Amino acid sequence: MPASRPTPARKVLDRLSLPERTYVADALRTETVGGVLLLLAAVTALIWANVPALHSGYESVSDFHFGPEALGLNLSVAHWAADGLLAIFFFVAGIELKRELVAGDLRDPKAAVLPVVAALCGMAVPALVYTLTNVVGGGSLAGWAVPTATDIAFALAVLAVIGTSLPSALRAFLLTLAVVDDLFAILIIAIFFTDGLDFAALGGAFAGLALFWLLLRKGVRGWYVYVPLAVVVWGLMYNSGVHATIAGVAMGLMLRCTRNEGEEHSPGERVEHLVRPLSAGLAVPLFALFSAGVTVSGGALGKVFTQPETLGVVLGLVIGKALGIFGGTWLTARFTRASLSEELVWPDVFAVSSLAGIGFTVSLLIGELAFEGDLELTDGVKAAVLTGSLIAALLATVLVKLRNAKYQALWAEEHRDEDLDGIPDIYEQDDPAYHLRMAEIYERKAAEHRRLAEVAGGAGDGDDGPA
């Protein structure tokens, strides 16, 4: 009886497959550009809100109302940004989640354990840190969910600024982590920040979603069908009392993200390719422009570290996120008997975990929902989100810079293509044809070196010097 082959040990954060790496690179490229715009929008908002000559203009624009009153949609500009534009962001998040579930890392239950556990721990520990801080300090527990969210666009913008060559496995881990994080953030908003329900509007929203799903199943094409329907579903969801962004993620989850025979791209991939730039380049930066404009002064910054609510947010983002994600990753590896990829060390995981402490877009949104009606505390929590995200970014920058030389070497190895066939050599090492091509390349190089040496030697022999 032949001996059974031993099962190879599973690797944590091992090198991605080539198709997955290509998808991650394309997705992160757009998110990085969007993150830079997000940074610019946040800085613009802070300047606009804190320069005395401009402050009144910021307030006037943010509070300007427009929209059909009869439909319950006469909203302020800031409200449209938070409830309307962010629905586009969550629509893309829904597509990302669907793709991960059917074609990405979350498809395989064994591979899905790591990002799911890491994301859950990365949300539970910040919430626990916030809660303990406010129990001890006598603050409000209403903001427990504020430090639980990660802003992937902001985090990637920081990576772009510090110029790191972070390996693709770590970037993919960060992206998958953020997708799962977004899912749980959506559930938190839907469950904990829904007040009174209008069941007629909610029923209409569900009927619209059912029609959306049916049209997709029947293969109906055309933006002129889906965009008006999406707007109607969004309006009904908003009037139902459930946060309107839930409509976005629900429609994103309905798109098919697997390819049929003969398809180069699935419908979900095509729509995501079209909508992601709108989300990253317009929706999220405009939300930041009208949400990050808090008045900052020495006294206000001092309160960030003295009020239990704001201190809890800062500690949750900086300490809770890093410890939660790192601890979840380590425990997953420990109890599944998996080992870390040979190319990485555990401090690399901690650096990425610290980067996830940049909680901007969704944290600002949850802060507005948690302390609605208390303008002073809402502004304080926003300042705490900005402060905590900045500290987390600085900490991650230091940790990543310490390993940047190693990352650059890994990046160069991942992209080396000596046979110039468009496929990195590292993905062809087990292909006999690749080794044959490389042997031919080396033989040509050796022949060229020999020819040059003979030419140089011949020139030397002909020069006998003066007679």
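In what follows, the structure referred to is the one given above.
The notes below deal with the structure included here. (Residues numbered from 1 in each chain as written. Predicted model: local features only at pLDDT ≥ 70, side-chain atom pairs only at ≥ 80, totals over all residues. Heavy atoms only, no water.)

### Topic: the overall build of the chain
Which entries qualify depends on this criterion: The way it works is that DSSP assigns letters per residue, a run of H or I at least four long becomes a helix, a run of E at least two long becomes a strand, and they are numbered from the N terminus. Each residue is assigned to one of three classes by its accessible area relative to the maximum for its type, calculated with a 1.4 Å probe on protein chains only: buried under 20%, partly exposed between the two thresholds, exposed over 50%. Between two residues, a contact is recorded if the distance between any of their heavy atoms is within 4.5 Å. Only the protein chains shown count as cover for residues, and the accessible areas themselves come from Shrake-Rupley with a 1.4 Å probe.
Scanning the chain for helices and strands turns up 17 helices and four strands. For the chain, the residues scored as buried account for 48% of the 467 residues in total. Of the contacts formed within the chain by residues at least 6 apart in sequence, a portion of 77% connects residues at least 24 apart. By element, 66% of the accessible surface of the chain is carried by carbon and sulfur atoms, the whole surface being about 22,300 Å².

### Here's the deal with helix 14 (residues 361-370)
Across the ten residues of helix 14, eight count as buried, placing the element largely inside the fold. Listed in full, the buried residues belonging to helix 14 are T361, V362, S363, L364, L365, I366, G367 and A370.

### Remarks on the nonpolar core
Selection rule: Grouping buried Ala, Val, Leu, Ile, Met, Phe, Trp, Tyr and Cys residues that are joined through side-chain atoms within 4.5 Å yields what is termed a nonpolar core.
Of all hydrophobic cores here, the largest spans 105 residues; its most connected members are F90, L174, V313, L355, I358 and F360. Ranked by residues supplied to this core, first place goes to helix 6 (residues 168-192) with twelve residues. Discounting chain neighbours no more than four positions away, the residues touching V313 are Y130, V146, P147, V381, A384 and V385. Core analysis: the next-biggest nonpolar cluster, separate from the first, contains seven residues, L75, A87, W234 and Y238 among them.

### Some thoughts on the packing of helix 12 (residues 308-335) against helix 15 (residues 375-402)
The following threshold applies: Note on method: axes are straight lines fitted to C-alpha atoms, helices fitted across the in-contact stretch only, with angles between N-to-C directions ranging 0 to 180 degrees. Every angle not falling under 35 degrees, over 145, or within 65 to 115 is termed oblique; those three ranges are roughly parallel, roughly antiparallel and roughly perpendicular. Left-handed describes a crossing whose near helix is turned anticlockwise from the far helix through less than a right angle; right-handed describes the clockwise counterpart. Nonpolar residues are Ala, Val, Leu, Ile, Met, Phe, Trp, Tyr, Cys and Pro. Charged residues are Asp, Glu, Lys and Arg, and all others, Gly as well, are polar.
Axis separation between helix 12 and helix 15 bottoms out at 8 Å; the angle between their running directions is 25°. Here helix 12 is positioned roughly parallel relative to helix 15, judged by the angle of their axes. Where helix 12 crosses over helix 15, the two elements pack in a sense that is right-handed. In this structure, helix 12 contributes E309, T310, V313, V314, L317 and V318 to the contact, and helix 15 contributes L377, G380, V381, A384, V385, T387, G388, S389, I391 and A392. For the contact of helix 12 with helix 15, the per-class residue count stands at ten nonpolar, five polar and one charged.

Note that all results are geometric; they support no functional claim without further evidence.
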